[in-house]
Amino acid sequence: MEADEADEAGEGDHVSRLEQEGDIAADYLEELLDIADLDGDLDIDVEADRAAVSIVGAELSQLVGQDGKVLEALQELTRLAVYRETGERSRLMLDISGYRADKRSRLTQLGSETAAAVAASGEPVSLDPMSPFERKIVHDAVAAAGLRSESAGVEPRRYVVVLPADA
């Protein structure tokens, strides 16, 4: 087998593993929805080198919770369910009623707008504390705008600092 074919086979195995993670997660979440007597449709995908499961439905806001706290807990429980089945740590991403997709959009806009303000003023700007997921989105948006950013502080109060181009 040539190197390119080996790479493609390895990539196919990797995608298959991520699809398996999504299937395990969906089964777990389906049982959870049944227990809670909630209706929701599940969508399984592989994006950004991780399994992604979305639940959409009419009344699922209680599964998101204030500031996404319940969603974060459900994601961790779902990752544990995947670990129990596969024996491997999962980076699965869970979204409920588009909460994360909306948050990603808002954070991308925040990163872009902050980068523009820093480029105009030449002064660094520190943002409010964020989760690692949120910081990554902002870092990506700042990099796409051509500037640098770094995380500062100590969990759970780590935050992003957007730096001018010459810093």
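Residues numbered from 1 in each chain as written. Predicted model: local features only at pLDDT ≥ 70, side-chain atom pairs only at ≥ 80, totals over all residues. Heavy atoms only, no water.

K.L.:
Outline helix α3 (residues 69-86), supporting the account with residue identities and numerical values.
P.N.:
End to end, α3 covers 26 Å across 18 residues, agreeing with the expected 26 Å (1.5 Å per residue, within 8%). Every buried residue of α3 is accounted for by L71, L74, Q75, T78, R79, A81 and V82. The buried residues of α3 occupy one face: seen down the axis, they fall within an arc of 155 degrees. In this structure, α3 carries K69, L80 and R84 as exposed residues pointing more than 90 degrees from its buried face. After α3 finishes, the residue G87 shows a positive phi value of roughly 80 degrees. (Helix = DSSP H or I, 4+ residues; strand = E, 2+ residues; numbered from the N terminus. Expected span 1.5 Å × (residues − 1). Buried < 20%, exposed > 50% of the residue type's maximum accessible area, 1.4 Å probe, protein only. Arc of directions from axis to C-beta.)

K.L.:
Talk me through the side chain of T78; I want residue IDs and the actual numbers.
P.N.:
Within the fold, T78 resides in helix α3. Within polar-contact distance, the side chain of T78 engages the backbone oxygen of L74 at 2.7 Å. Ignoring any residue separated from it by four or fewer positions in sequence, one finds T78 in contact with A25, Y28, L29, L92 and L94. (Polar contact = N/O pair within 3.5 Å; in protein donor to acceptor, adjacent residues only side chain to side chain. Contact = heavy atoms within 4.5 Å.)

K.L.:
Provide a residue-level description of the packing of aromatic side chains, including the pertinent values.
P.N.:
Counting across every chain of the model gives zero aromatic pairs. The aromatic ring of F133 is capped on one face by R100, whose charged end is 5.0 Å from the ring centroid. (Phe/Tyr/Trp six-rings, centres within 6.5 Å; stacked < 30°, edge-to-face > 60°. Lys NZ or Arg CZ within 6 Å of the ring centre and 35° of its normal.)

K.L.:
Explain the confidence of the model for the protein chain residue by residue, including any values.
P.N.:
Per-residue confidence for the protein chain averages 90 on the pLDDT scale, and 93% of its residues sit at or above 70. Taken together, the stretch residues 3-7 has pLDDT below 50 and engages in one contact with residues farther than four places along the chain or on a different chain. (pLDDT = per-residue confidence, 0-100.)

K.L.:
Go over the sheet that holds strand β5 (residues 148-152), please, and point to the residues and values.
P.N.:
Read across the open sheet, the three strands follow the order β4-β6-β5; overall the sheet is antiparallel. Single-partner strands in this sheet number two, and they are β4 (125-126) and β5. In terms of strand pairing, β4 meets strand β6 (residues 159-163) through two bridges, oriented antiparallel. Paired with S126 across the two strands is V161, which belongs to β6. Contacting β4 and β6, helix α4 (residues 99-121) runs over the sheet at an angle of about 40 degrees to β6. The strands touched by helix α5 (residues 132-144) are β5 and β6; relative to β5, the strand with the most contacts, the crossing angle is about 160 degrees. (Pairing = 2+ DSSP bridges. Axes fitted to C-alpha atoms, helices over the stretch in contact; angles between N-to-C directions.)

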